[in-house]
Amino acid sequence: MIRPVIHRAVVASKNPDKITELETLLARHGLVGEVVRGLDWPDVVEDAPTLEGNALLKARQVALSTGLPSIADDTGLEVDALGGAPGVRTARYSGPDATYQSNVDALLAALQGVEDRAARFRTVVVAVLADGTEVVAEGELVGDIAWACRGSAGFGYDPVFEVDGRTLAEMEPQEKDLISHRARAIQALADALAARTGSG
Ligand code: IMP
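Criteria and cut-off values
Residues numbered from 1 in each chain as written. Predicted model: local features only at pLDDT ≥ 70, side-chain atom pairs only at ≥ 80, totals over all residues. Heavy atoms only, no water. Helix = DSSP H or I, 4+ residues; strand = E, 2+ residues; numbered from the N terminus. Rg over C-alpha atoms; globule rule 2.2 N^0.38 Å. Buried < 20%, exposed > 50% of the residue type's maximum accessible area, 1.4 Å probe, protein only. Areas by Shrake-Rupley, 256 points an atom, 1.4 Å probe, with all protein chains shown as cover. Lys, Arg positive; Asp, Glu negative; His and termini not counted. Charge placed at Lys NZ, Arg CZ, Asp CG, Glu CD. Pairing = 2+ DSSP bridges. Salt bridge = Lys/Arg side-chain N within 4 Å of Asp/Glu carboxyl O. Expected span 1.5 Å × (residues − 1). Contact = heavy atoms within 4.5 Å. Near = heavy atom within 4 Å. Polar contact = N/O pair within 3.5 Å; in protein donor to acceptor, adjacent residues only side chain to side chain. Core = buried A, V, L, I, M, F, W, Y, C linked by side-chain atoms within 4.5 Å.

A few points about the overall build of the protein chain
Looking only at helices and strands, one finds five helices and eight strands in the protein chain. Seen in sequence order, the protein chain has helices and strands lined up from the N terminus as β-α-β-α-β-β-α-β-β-β-β-α-α. In terms of overall dimensions, the protein chain is globule-like: its C-alpha atoms have a radius of gyration of 17 Å, near the 16 Å expected for 200 residues. The buried share of the protein chain, reckoned over its 200 residues, is 48%. Accessible surface computed for the protein chain: about 9700 Å², of which carbon and sulfur atoms make up 52%. Averaging the coordinates of the 19 positive side-chain charges in the protein chain and doing the same for the 30 negative ones gives two points 4 Å apart.

Examining the pairing of strand S5 (residues 118-128)
Burial of S5 is extensive: 10 of the 11 residues sit out of reach of the surface. Pairing between strand S3 (residues 70-79) and S5: 10 bridges, direction antiparallel. Within S5, the residue paired with Ala72 across the bridge is Val126.

Observations concerning the pattern of salt bridges
Under the defined criterion, the tally for this structure stands at 20 salt bridges. Salt-bridge contacts for Glu138 lead to Arg122; the nearest nitrogen and oxygen are separated by 2.8 Å. Taken together, the residues span a long stretch of sequence, with Glu138 in strand S6 (residues 134-145) and Arg122 in strand S5 at a distance of 16 residues. Residue Glu138 is classed as partly exposed on the basis of its relative accessible area, which comes to 41%.

Quick notes on helix H2 (residues 51-66)
When the terminal C-alpha atoms of H2 are compared, their 22 Å separation across 16 residues agrees well with the 22 Å that a helix rising 1.5 Å per residue should span. Regarding H2, the residues found buried are Leu51, Gly53, Asn54, Ala55, Leu56, Lys58, Ala59, Val62 and Ala63. Next to the buried residues of H2 lie strand S1 (6-11), helix H1 (16-28), S3, strand S4 (86-87), S5 and S6.

Description of the site of the ligand
Residues in close proximity to the ligand total 17 residues, the closest being Lys18, Thr75, Asp158, Lys176 and Arg182. Here Lys176 contributes a side-chain N or O atom positioned 2.8 Å from an oxygen atom of the ligand. Protein chains bury 92% of the 480 Å² of accessible surface belonging to the ligand in isolation. In terms of residue count, the dominant contributor to the shell around the ligand is S3 (three residues).

Description of the nonpolar core
Formed by 21 residues in total, the largest nonpolar core has its most connected members in Ile6, Leu31, Ile71, Ile186 and Leu189. Contributing elements (two or more residues each) for this core: S1, H1, S5, S6 and helix H5 (181-197). Filtering out sequence-adjacent residues up to four positions away, Leu189 remains in contact with Leu31, Ile71, Val125, Ala127, Val135 and Ala137. Membership of the second largest hydrophobic core comes to 17 residues, among which are Leu77, Val104, Tyr157 and Phe161.

Quick word on H1
Here H1 is 13 residues long and its end C-alpha atoms lie 18 Å apart, about the 18 Å a rise of 1.5 Å per residue gives. All of the buried residues in H1 are Lys18, Ile19, Glu21, Leu22, Glu23, Leu25 and Leu26. Of the residues one or two after H1, Gly30 is the one with positive phi, at around 60°.

Okay, here's the thing in structure tokens:
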């Protein structure tokens with residue numbers, strides 16, 4: 001493997017599903033030599049008006065708390081028929097005590113009888129490097145909202161997000177990792193870091 005761009009870093013998330021996906025993707029691109037686990041930090045209030053703003057909040061605060069470089073992502077689901085909602089409110093779509101299931105239920109209820117199911121996932125990923133430099137990148141996955149949940153893999157809205165007739169929850173994790181918004185964001189981050197260091 002080529003020398004990693006970031007020697008050691010923390011993934012700025014407390015969501016184990018997201019951490020697993022990010023770690024796989026970071027390893028694939030040889031971006032981080034060692035993902036440091038087992039650290040804790042105060043919960044970050046994600047109250048920025050944009051995905052980028054929230055990703056920056058998380059990455060900055062976790063870098064500050066741990067003294068290590070950090071990688072954060074913020075993801076939004078944008079549904080055309082809902083004017084781009086839930087967007088930045090995706091995590092709390094069904095209320096402050098939202099669960100994966102209550103969010104999916106709220107989305108299916110909002111789209112009851114709606115024929116236009118077009119939607120996209122958008123992920124903004126931020127790396128805060130050892131010298132304090134911030135690098136921002138983005139990835140998108142276009143699809144449709146299914147009429148009901150299908151599949152048991154993945155997490156969050158995966159059981160209702162269809163790409164070419166299959167939901168993300170009906171795919172093996174490796175297949176989702178090849179096409180996902182998060183994979184594309186990490187690819188874009190790798191490209192941006194390579195351009196910065198001139199190693200790509
Ligand atoms: P956040 O980026 O942690 O704020 O997540 C926003 C919301 O999107 C949460 O409800 C997540 O469960 C959901 N989410 C994030 N990434 C994915 C994904 O890859 N598939 C399905 N749902 C996701």
